[in-house]
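A structural walkthrough
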Amino acid sequence: MTMVKRLSGAILFLLAVPVFVWRHGEITYATLCYVAFTIGWLVIRERLTRGQTLKTVTANVDGLEKATLFATAIGMMLLPVIALYTPLLDFALYTPTMAAFIAGTVAMALGAYVFYRAHADLGAYWSPTLEIRDGHQLITSGIYGRVRHPMYTAIFLICIGQALLLENWLAGIAGMIAFTALYVLRVGREEKLMIEQFGETYQAYAARTPLLIPSLRTRS
Ligand code: SAH
């Protein structure tokens, strides 16, 4: 039962497919791709964070952080669900071009892959808000050797995919707007928390590792 609860978001998106077909008489590849990749990253998160047991030592959540997290849930989950299930946002329907469809699919696929790698490498130190866990270690290898915030890179890619594949410009762009706000308000505080916790080790890591976009030059 708890698994069903933890996968309720994915199940909601899965059930959106027959509802959408019932409402519109058909479903396009773009919408289908959007739904499939969304279920994909939701399942990845459920699988890779299941049974996380490390206790939280320091929590760093303020009202603004809560508000942007809530806004991101609305932009990446609630508005797309409303757009798929109900006619409320039908005024914003549009048909993406073939180029948008291809770019959106590539962004989503890359986003889901980076999301998976980040969760696999960060393991039990992951948290939805800024926290230090019991025995927290600094991860600097795997995908964290390429960029410092691969999960945020992944979510930006997923938001690009959402905007290009979900055939509703309003619900499409909502994820990107909300997550950009979350990112802008969070990343500085996260870096500060990491420096407080890991000191020079983090500063040295930050000096050799880019924030979001990997450098193309191979490192020696
Ligand atoms: N910003 C990272 C992690 C997101 S999860 C990313 O985008 O991949 C947020 C939590 O990860 C924070 O509470 C922080 O304590 C932890 N964290 C961030 N970077 C870390 C690192 N390199 N090693 C260990 N924990 C890290």
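Summary of the structure given here. Bear in mind that the values here come from a model prediction, so they are computed numbers and not experimental data. (Residues numbered from 1 in each chain as written. Predicted model: local features only at pLDDT ≥ 70, side-chain atom pairs only at ≥ 80, totals over all residues. Heavy atoms only, no water.)

1. Some words on the site of the ligand
We count it as follows: When we say a residue is near a molecule or strand, we mean one of its heavy atoms is within 4 Å of it. Polar contact is defined as a pair of N or O atoms within 3.5 Å, subject to the rule that within protein one atom must be able to donate a hydrogen and the other to accept it, and that residues adjacent in sequence are counted only when both atoms are side-chain atoms. The way it works is that DSSP assigns letters per residue, a run of H or I at least four long becomes a helix, a run of E at least two long becomes a strand, and they are numbered from the N terminus.
Of all residues adjacent to the ligand, which total 18 residues, the nearest are Glu131, Ile139, Tyr144, His149 and Glu190. Interatomic distance of 2.9 Å between a backbone N/O atom of Met151 and an oxygen atom of the ligand. Breaking the shell around the ligand down by element, the ones donating at least two residues are helix H6 (150-165) and helix H7 (169-208). Counting residues per element, the shell around the ligand draws most heavily on H6, which supplies 3 residues.

2. Let's talk about the packing of helix H3 (residues 29-49) against helix H4 (residues 63-85)
Applied cut-off: Lines are fitted to the C-alpha atoms to define the axes, a helix being fitted only along its stretch in contact, and any angle between axes, read from their N-to-C directions, falls within 0 to 180 degrees. We call a crossing left-handed when the near helix sits turned anticlockwise from the far one by less than a right angle, and right-handed when that turn is clockwise. Residues count as neighbours in contact if any of their non-hydrogen atoms are within 4.5 Å of one another. Under the convention adopted here, Pro, Cys and the residues Ala, Val, Leu, Ile, Met, Phe, Trp and Tyr are nonpolar, Asp, Glu, Lys and Arg are charged, and Gly plus all remaining residues are polar.
Taken N-terminus to C-terminus, the directions of H3 and H4 make an angle of 145°; their axes are 13 Å apart at the nearest point. Relative to H4, the crossing made by H3 is left-handed. Residues Thr31, Tyr34, Val35, Trp41 and Leu42 of H3 form the contact with H4, whose own contacting residues are Met76, Met77, Pro80 and Leu84. Tallied by class, the residues present in the contact of H3 with H4 amount to 8 nonpolar, 1 polar and no charged.

3. Describing the pattern of salt bridges
To keep things clear, this is the line we draw: Any carboxyl oxygen of Asp or Glu within 4 Å of a side-chain nitrogen of Lys or Arg constitutes a salt bridge here. Accessible area is worked out with a 1.4 Å probe on protein chains only. A residue is then buried under 20% of its type maximum, exposed over 50%, and partly exposed in between.
Counted according to the given criterion, the structure contains 9 salt bridges. The closest approach of N and O atoms between Arg189 and Glu65, which form a salt bridge, is 2.8 Å. Here Glu65 lies in helix H4 and Arg189 lies in helix H7, a separation of 124 residues in the sequence. Classification of Arg189 by relative accessible area gives partly exposed; the value is 27%. With a relative accessible area of 3%, Glu65 lands in the buried category.

4. Description of the packing of aromatic side chains
Our working rule: Aromatic pairs are defined between Phe, Tyr and Trp rings, using the six-membered ring for Trp, whenever the two ring centres lie within 6.5 Å; interplanar angles under 30 degrees are classed as stacked, those over 60 as edge-to-face, and all others as tilted.
Taken as a whole and assessed by the stated rule, the structure comprises 7 aromatic pairs. Judged by centre distance (6.1 Å) and plane angle (75°), the ring pair of Phe13 and Tyr34 falls under edge-to-face. Highlighted residues: Phe13 in helix H2 (residues 8-24) and Tyr34 in helix H3, separated in sequence by 21 residues. Classification of Phe13 by relative accessible area gives buried; the value is 0%.

5. Comments concerning the side chain of Thr129
With respect to the element layout, Thr129 can be found in the loop between helix H5 (98-122) and strand S2 (131-133). On the basis of relative accessible area, Thr129 is assigned to the buried category, the value being 10%. A polar contact is formed between the side chain of Thr129 and the side chain of Glu131, at a distance of 3.2 Å. When near neighbours in sequence (up to four residues on either side) are disregarded, Thr129 contacts Val61, Glu65, Leu69 and Arg186.

6. Quick notes on the nonpolar core
Note the cut-off: Among the buried residues, those of types Ala, Val, Leu, Ile, Met, Phe, Trp, Tyr and Cys that are joined through side-chain atoms within 4.5 Å form a nonpolar core.
Among the nonpolar cores identified, the biggest contains 51 residues, and Phe13, Tyr34, Leu84, Tyr144 and Phe179 are the most heavily contacted of them. The element that contributes the greatest number of residues to this core is H7, accounting for 10 residues. Residues in contact with Tyr34, not counting those within four places in the same chain, are Phe13, Met76, Pro80, Leu84, Met108, Gln162, Leu165 and Leu166.

7. A few points about the environment of Glu167
In this fold, Glu167 is placed in the loop between H6 and H7. Classification of Glu167 as buried rests on a relative accessible area of 10%. It is 14 Å that separates the C-alpha atoms of Glu167 and Ala103, two residues lying 64 residues apart in sequence. Look past the residues within four positions of Glu167 in its chain and what remains in contact with it is Thr28, Ala30, Thr31, Ala92, Leu93, Tyr94, Thr95 and Pro96.

8. As for the packing of H4 against H6
Keep this limit in mind: Angle categories are assigned with fixed cut-offs, so that under 35 degrees is roughly parallel, over 145 is roughly antiparallel, 65 to 115 is roughly perpendicular, and the rest are oblique.
One way to put it is that H4 packs onto H6 with a least axis distance of 12 Å and a crossing angle of 25°. The orientation of H4 relative to H6 falls into the category roughly parallel. When you trace H4 past H6, the crossing you get is left-handed. Side by side, H4 and H6 meet where Gly75, Met76 and Pro80 of the first sit next to Ile155, Ile158, Cys159 and Gln162 of the second.

9. Describing H6
For the record, the criterion: To estimate how far a helix should extend, the number of its residues minus one is multiplied by 1.5 Å.
If you check H6, its first and last C-alpha atoms are 22 Å apart, about what 16 residues at 1.5 Å a residue would give, namely 22 Å. With 14 of its 16 residues buried, H6 lies for the most part within the structure.

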